[in-house]
Protein chains: 2
Amino acid sequence: MGGRSKAAPAGGLRRVIIEGVEPEIDGGQFPIKRTIGEPVVVEANIFTDGHDAICAFLLYRNERHRTWTEVEMTALANDRWRASFEVDRLGTYCYTLLAFHDPIKTWRRDLLKRVQASQDVSVDLLIGAELLDKAATHAHQTSTVELTEWAALLRSDVSADERALAVLDERATFLDCTYAGREYATHYGKELAVTVDRERARFSTWYEMFPRSASPVPGRHGTFADVEKHLPYIANMGFDVLYMPPIHPIGSTYRKGKNNTLTPETDDSGSPWGIGSAEGGHKAIHSELGTFEDFHQLVARASNYGIEIALDIAFQVSPDHPYVKEHPEWFRYRPDGTIQYAENPPKKYQDIYPFDFASEDWWRLWQELESIIEFWIEHGIRIFRVDNPHTKALPFWEWLIANIKQDYPEVIFLSEAFTRPHPMYRLAKIGFTQSYTYFAWRNLKWELEQYFEELTQSDVVEYFRPNLWPNTPDILTGMLQTGGRPAFMMRYVLAATLGASCGIYGPAFELLEHSPREAKSEEYLHSEKYQLRDWKLDDPASLSEFIGRVNTIRKDNVALQFDRTLQFYKIDNEQIIAYSKYSDDPANLILVVVNLDVHNTQSGWIELPLRELGIPGDAPFEVYDVLADARYKWSGAWNYVELNPHVVPAHIFRIERDPAIAHELPEPITS
Amino acid sequence: MGGRSKAAPAGGLRRVIIEGVEPEIDGGQFPIKRTIGEPVVVEANIFTDGHDAICAFLLYRNERHRTWTEVEMTALANDRWRASFEVDRLGTYCYTLLAFHDPIKTWRRDLLKRVQASQDVSVDLLIGAELLDKAATHAHQTSTVELTEWAALLRSDVSADERALAVLDERATFLDCTYAGREYATHYGKELAVTVDRERARFSTWYEMFPRSASPVPGRHGTFADVEKHLPYIANMGFDVLYMPPIHPIGSTYRKGKNNTLTPETDDSGSPWGIGSAEGGHKAIHSELGTFEDFHQLVARASNYGIEIALDIAFQVSPDHPYVKEHPEWFRYRPDGTIQYAENPPKKYQDIYPFDFASEDWWRLWQELESIIEFWIEHGIRIFRVDNPHTKALPFWEWLIANIKQDYPEVIFLSEAFTRPHPMYRLAKIGFTQSYTYFAWRNLKWELEQYFEELTQSDVVEYFRPNLWPNTPDILTGMLQTGGRPAFMMRYVLAATLGASCGIYGPAFELLEHSPREAKSEEYLHSEKYQLRDWKLDDPASLSEFIGRVNTIRKDNVALQFDRTLQFYKIDNEQIIAYSKYSDDPANLILVVVNLDVHNTQSGWIELPLRELGIPGDAPFEVYDVLADARYKWSGAWNYVELNPHVVPAHIFRIERDPAIAHELPEPITS
């Protein structure tokens, strides 16, 4: 607001408006996310008063460079403009916009209209000469000569018609004079940021296992060396991240017994999340798992299989953790002199002390916690699955992740927050690379469609990368408890095709483990959180081969490695869900059809928007089910599908699009 | 982003997040609009890590005050919080938010859960004592004593049960200690603004007329004194703003003849928008209309009828305007020495010179233009209809309106921009009080529903106040050209009930003037823009009585004086549109049903959401058509309507709601 001052307001001549910029998260407070090689497509409303022609530029730069690269924007309909750039380097990119009246563009556009209306343009040609002369004074030296020559031509005694034709020629070289008018350019006031991650941040397939259950000898504590022997098995299933729950010494005070009882046997191994004992804390390895040498070897061998080890970061301690004695100021004391254990009243978790993020010594606490991440980075880890980040101070994570990524932009943080939507999204905004989701509990067609449209078709897609898990050690859903083998297959196909990133907690998953600790509980019976388990990996009922097939399809089809192009289709049966993803490869359109009914064969007619998909409507076309290796001839928009859950509950079709008409697809913003 | 510095980041202990604040226009760049007495309902997502209880406050202040008033916010579902305040003074209000962990609230909430679970709370009572003692050190003196007494009670030897009961009592006086935890409050980083206007900015009924046609003697130039004689007529129709096209001297160079011809007769009066002659410019009165004294008298007499005079502000000049000689620097010269006239190539408007807003002397130009507004304010005018603001520099309007409203917050500016959506909305954002719309061209049910949902159900409603005109001197729509009397009645009912502000260009409208200058043109034949007209106001076909009835209904029903509560209803006939508006008076629900077919009687079944509307579903209810003064008994959700356009094309029902169930309505944000 102006006030009553009589000083000339700044920007009185900056007449172009830039607004409605997308993507822009919370007014530019947070970066959007991309992976290397992805485009950033930027749109904005750009307009001005009157009829002047506008030049608009998208400006971008890598954070480490000072100079901006300019991309000329294209006008779409209704004052909407668009341009894009590609990010090809880890770290942060910035982008902003710039637009101005271009008097030469305006003049030439109007000249054309006058010529078409057979008006006398002799004065207009002289106006053009003046504009080009003026532009010459701002131009680079070579352009100056050229512009002056054009101005001379416009003033020459050649006929007005000929002069007009010359400057209206599309090859007229003065057209690149985009600096004309720039002195009064409107600069979009904000520099917006892009966090650029490596590909695995966007496309990853996770396998979670408890290393202590990896022993081939029932009852013997598993080791890193045992885990090594599982690597071919895990690689054959197509996983590229192996995530292990905490590998640190486990406390004994208030240790939980099997099935989360408060009365442990002396040989009970305790929860890996009860971190810390006299042996050490977050920077130590539980001795029964092996040594640091063993750990390094596991990391290296996994790498040979294309598998990266992810560690669990649980910022909490057991009562026996060295911090409790060394840093009593990081915990909250009760008036009776005891330390405040974790609580969600009336529930009590006496085996866990939370850090007090309101501690007066909070700053040293933050630094120590950061040093834990750095410690494991030094030991070769670049992926961290963060336990319950929503119960620690959010400003801490924002600081921590920014700080770590400053030096190690390749690090991936997965947020394990199962809480309300706003805190989950906020964690993603403040830096988490990937996030757990509500997927496990979305079973009905409308629930899945609504949730995944929110995740992929709103601006959530710009900062929140879903990682879909049908199960975790904490989550054995009712669907898996009761749905049998069809449920496990169906839920994995959904996870693996709805999400570019997905994961399972195995071997419980592929071995169809489905007994809950008690009715209505989502806890596993004999949960590995509290005891070792002995898994029969060669069980003929295992889904490992099926999972491997699905994951191979994910690797072979770029369409499944992005979330943005997800689109649901109409099908006349509420028990069948159908959706597609595409990439910029015209041949790579993937259509997934899943029977959500785990008991009965379901069939229906699916409607495809043929034109939009780039499928010629006048001839039959082939759809190839890459899951079943079967080919079908389809024809027209409506086609019949039928799925028996007891055989395979899903089709994953690859459809050949006609490249000639595929350009009618909405511009892919995926690769 | 943090960088790699090891300095403690600011705000590390400020753990509450405030985001998703509404209303907030373009990240807080522009104010929202309200009128005196209206509430500002503010919502935000407010949450924190973990389980701590939150205290949240909405803070507001009048711009002229330094101190904030605080309103405690209420938690809705899913981390959404709400509070509101009322604006009771013209000018600008500011609002922002503040939220923090409240340890006392957290402690008491958890204590309740523990007591309910029959846990031992003796230590918890001592924790409470510590918290209250701590709060006492921050509190006002009287509270300090009280808090200390409560702490003492918590430490006393009264039984734990009794102490717990005492502090869990809802009347416990320490509950107002909302300052506990405040030292680490999160402040929402922005101060958002509210422009507070007078009621007429929101609810106004405009009548446009050319004063030069007001003469009772055909062919004689009308005067302000003649206009005075029309005041009872205009007041009887229920209009409260009388808007006159420019009243300044009219240029003669390139003057347009009747019907916009280039060959005027010597006695042609010219377009009032061709402003300026040797007699004077924007600060002069066309002598044939009268003197300044006459003008003052008209303004005063109109006021006696509850009518306010609105003037036209057209910032352009005729070639004869004194500015052309006095300020040649405000115009653009062509190489042949002529001044650049207005153009939209290939169209030329030689009778109009636009100001050059890119002039080097732009700042003095701005100041001169501002002085024109001030001049007419000094002559008693507080409403300006601004001609084509979208063809003048937008930064100019932003500066001008802010500057004027600083001293005269009661001034109303109506934006006459018929252009693309973004520039129209931008003009509203940068300060225009009301705006013309696309209403005149929205004829089909889906068009009207879609457009008015955009205007009233999106954040557009926060800054853009539509003023609906079925016609203007420039706009004689095809619908009015061909639809006959039913079209005029139907379009006026729509304008007057869809919009809290509306207007007509009369007497052309009420006298059903409908001949275009030529086929496919929206220009009037014998347009008053270029000649005097002689109107037969006593024509028995006149709609003046009907318009008066509709405008009385607008005055009597607060529901129609706001736009926010507009809601469309299902009706099984595409030719009938139905919608309601309500206010916070439970009895005032207005339901409008309009037949959009100007030829045939149409009927259909309308579905009302009874519960939502506060109508008991189990008994018949009465609907009272205030337009026809007719009563109907309706019953259930579906009811029959039938409208003959040749009688009256609309129902305007008032429905009595049951106040006992009316609270189930969405909270009215209208009054």
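Bear in mind the structure is a predicted one, so any value in this text is a computation, not a measurement.

## Thoughts on the overall build of chain A
Counting its regular elements, chain A contains 15 helices and 31 strands. Across its three principal axes, chain A shows a C-alpha extent of roughly 105 × 65 × 45 Å. The 671 residues of chain A split such that 60% are buried. Long-range contacts, defined as pairs at least 24 residues apart, comprise 75% of the intrachain contacts of chain A with a sequence gap of at least 6. For chain A, the exposed area adds up to about 26,400 Å²; of that, 50% sits on carbon and sulfur atoms.

## Considering the relation of the copies chain A and chain B
When chain A is brought onto chain B, the operation consists of a screw motion whose angular component is 180° and whose axial shift is 0.0 Å, with 0.1 Å RMSD remaining. On the angle and the small slide along the axis, the relation comes out as a two-fold axis. Among all residues of chain A, the one whose C-alpha sits closest to the rotation axis is Gly27 of chain A, at a distance of 2.8 Å. By residue overlap, the copies meet face to face through one surface: 100% of the interface positions of chain A are interface positions in chain B.

## Concerning the interface of chain A and chain B
Tallying the contact residues gives 72 residues for chain A and 73 residues for chain B. Where chain A abuts chain B, roughly 6,500 Å² becomes buried across the two surfaces, and 55% of that area is made up of carbon and sulfur atoms. Our count for the contact surface shared by chain A and chain B stands at 8 salt bridges. In this structure, Glu343 of chain B engages Arg114 of chain A in a salt bridge whose closest nitrogen and oxygen atoms are separated by 2.3 Å. For the pair chain A and chain B, the number of links is 14 residue pairs in polar contact (both at pLDDT 80 or more).

## Quick look at the packing of aromatic side chains
Scanning all chains against the criterion turns up 96 aromatic pairs over all chains. Consider the rings of Phe418 of chain A and Trp441 of chain A, whose centres lie 5.5 Å apart with planes at 90°: the pair is edge-to-face. Here Trp441 of chain A lies in the loop between β20 (434-435) and α11 (445-457) and Phe418 of chain A lies in the loop between β19 (412-416) and α10 (421-429), a separation of 23 residues in the sequence. A relative accessible area of 27% means that Phe418 of chain A is categorised as partly exposed. Following the ring pairs from residue to residue traces out a cluster consisting of Phe315, Phe357, Trp362, Trp363, Trp366, Phe384, Phe396, Trp397, Trp399, Phe413 and Phe432 of chain A. A cation sits over an aromatic face here: Arg202 of chain A above Phe562 of chain A, 3.8 Å from the ring centre. Between Arg491 of chain B and the ring centre of Phe439 of chain B, over which it is positioned, the NZ or CZ distance is 4.2 Å.

## What to know about the pattern of salt bridges
Residue and element names in this part refer to chain A. By the definition in use, this model includes 94 salt bridges over all chains. Among the ionic pairs, Asp49 bridges to Arg15, the shortest N-O distance being 2.6 Å. Of this pair, Asp49 sits in the loop between β3 (39-48) and β4 (54-62) while Arg15 sits in the segment before β1 (16-22), and the two are 34 residues apart along the sequence. Side by side, Asp49 and Arg15 carry an identical accessibility label, which is buried. Ionic pairing is found between Asp336 and Arg334, a salt bridge with its closest N-O pair at 3.8 Å. Residue class for Asp336 comes out partly exposed when judged on its relative accessible area of 41%. The class of Arg334 is buried, set by a relative accessible area of 11%.

## What to know about the confidence of the model for chain A
Residues and elements named next belong to chain A. Residues at a pLDDT of 70 or more form 97% of chain A, whose mean pLDDT is 94. In this model, residues 663-671 is a region of pLDDT below 50 whose contacts with residues beyond four sequence positions or in other chains number 27 contacts. Interface scoring of the predicted complex returns ipTM 0.94; its pTM is 0.94.

## Quick notes on a nonpolar patch on the surface
Residue and element names in this part refer to chain A. Side chains of Trp605, Trp638 and Tyr640 sit close together on the surface and give an oily, nonpolar patch of about 340 Å² of accessible area. For Tyr640, the position within the fold is in strand β30 (residues 638-643). The partly exposed category is assigned to Tyr640, whose relative accessible area is 39%.

## A short note on unusual backbone geometry
Residues and elements named next belong to chain A. Between Glu22 and Pro23 the backbone carries a cis peptide bond, its omega angle lying at 0°. Mapped onto the fold, Pro23 is located in the loop between β1 and β2 (32-35). You will see that Asn78, though not glycine, has its phi angle at about 55°, which is positive. When you line up the elements, Asn78 lands in the loop between β6 (74-75) and β7 (80-86).

## Thoughts on the sheet that holds strand β1 (residues 16-22) of chain B
Residue and element names in this part refer to chain B. One open sheet accounts for 4 strands, arranged β1-β3-β7-β6; its pairing is antiparallel. A single partner strand is all that each edge strand has here, and the edge strands are β1 and β6 (74-75). Across 2 bridges, the pairing between β6 and strand β7 (residues 80-86) is antiparallel. Bridging from a neighbouring strand, Thr74 pairs with Arg82 of β7.

## Topic: the pairing of strand β8 (residues 91-101) of chain A
All names here are of chain A. In terms of burial, β8 is a largely internal element, 11 of the 11 residues being buried. Of the strand pairs in this sheet, β8 and strand β10 (residues 192-197) are connected by 5 bridges, and their pairing is antiparallel. Within the sheet, the bridge partner assigned to Tyr95 lies in β10 and is Leu192. Pairing of β8 with strand β9 (residues 186-187) involves 2 bridges; the strand directions are antiparallel. If you follow Ala99 over to β9, its bridge partner there is Thr186.

## With respect to the pairing of strand β22 (residues 501-505) of chain B
Residues and elements named next belong to chain B. Of all 5 residues making up β22, 5 are buried, and the element is well covered by its neighbours. Judged by which residues are buried, β22 turns out to be covered on both faces: Ser501, Gly503 and Tyr505 on one side and Cys502 and Ile504 on the other are all buried. Note on the crossover from strand β21 (residues 467-468) through helix α12 (residues 478-498) to β22: the handedness is right-handed.

## Regarding the sheet that holds strand β12 (residues 241-244) of chain B
All names here are of chain B. Overall, parallel pairing links the 8 strands, which are arranged β20-β19-β18-β13-β12-β11-β22-β21 in an open sheet. Each edge of the open sheet carries a strand with a single partner, namely β20 (434-435) and β21. Of the pairings in the sheet, the one linking strand β13 (residues 308-313) to strand β18 (residues 383-387) comprises 4 bridges and is parallel in character. Across the sheet, the residue bridging to Leu311 is Phe384, located in β18. Sitting on the sheet, α12 is in contact with β11 (204-208), β21 and β22, with an inclination near 150° to β22.

## Some points on helix α3 (residues 141-155) of chain B
Residue and element names in this part refer to chain B. Along its 15 residues, α3 runs 21 Å from first to last C-alpha, staying within 8% of the 21 Å computed at 1.5 Å per residue. Residues of α3 that are buried: Ser143, Leu147, Trp150, Ala151 and Leu154. Across the axial projection of α3, the buried residues extend over an arc of 100°, all falling on one side. More than 90 degrees from the buried face of α3, the exposed residues found are Gln141, Thr142 and Glu149. On the buried face of α3, the contacting elements are α1 (103-116), α2 (122-138) and α4 (160-168).

## Here we look at the side chain of Lys256 of chain B
Residue and element names in this part refer to chain B. Its place among the elements puts Lys256 in the loop between β12 and α6 (292-304). Judged by relative accessible area, which is 10%, Lys256 ranks as buried. There is a polar contact of 3.3 Å between the side chain of Lys256 and the side chain of Asn260.

## What about the packing of helix α1 (residues 103-116) of chain A against helix α2 (residues 122-138) of chain A?
Residue and element names in this part refer to chain A. Two elements in contact, α1 and α2, have axes whose closest approach is 10 Å; the angle formed by their N-to-C orientations is 165°. Relative to α2, the element α1 lies roughly antiparallel. As α1 packs across α2, the resulting crossing turns out to be left-handed. For the pair α1 and α2, contact is made by Pro103, Ile104, Trp107, Leu111 and Arg114 and by Asp124, Leu125, Ile127, Gly128, Leu131, Leu132 and Ala135, respectively.

Parameters at a glance
Residues numbered from 1 in each chain as written. Chains lettered and ligands numbered in written order. Predicted model: local features only at pLDDT ≥ 70, side-chain atom pairs only at ≥ 80, totals over all residues. Heavy atoms only, no water. Helix = DSSP H or I, 4+ residues; strand = E, 2+ residues; numbered from the N terminus. Buried < 20%, exposed > 50% of the residue type's maximum accessible area, 1.4 Å probe, protein only. Contact = heavy atoms within 4.5 Å. Areas by Shrake-Rupley, 256 points an atom, 1.4 Å probe, with all protein chains shown as cover. Least-squares fit on C-alpha atoms with pLDDT ≥ 70 in both. Buried area = accessible area lost by both parts, 1.4 Å probe. Salt bridge = Lys/Arg side-chain N within 4 Å of Asp/Glu carboxyl O. Polar contact = N/O pair within 3.5 Å; in protein donor to acceptor, adjacent residues only side chain to side chain. Phe/Tyr/Trp six-rings, centres within 6.5 Å; stacked < 30°, edge-to-face > 60°. Lys NZ or Arg CZ within 6 Å of the ring centre and 35° of its normal. pLDDT = per-residue confidence, 0-100. Patch = residues over 30% accessible without salt bridge, like charges linked within 9 Å, V, L, I, M, F, W, Y side chains within 5 Å. Pairing = 2+ DSSP bridges. Right-handed = clockwise from strand over helix to strand, strands pointing away. Axes fitted to C-alpha atoms, helices over the stretch in contact; angles between N-to-C directions. Expected span 1.5 Å × (residues − 1). Arc of directions from axis to C-beta. Parallel < 35°, antiparallel > 145°, perpendicular 65-115°, else oblique. Left-handed = near helix turned anticlockwise from the far one by under 90°.

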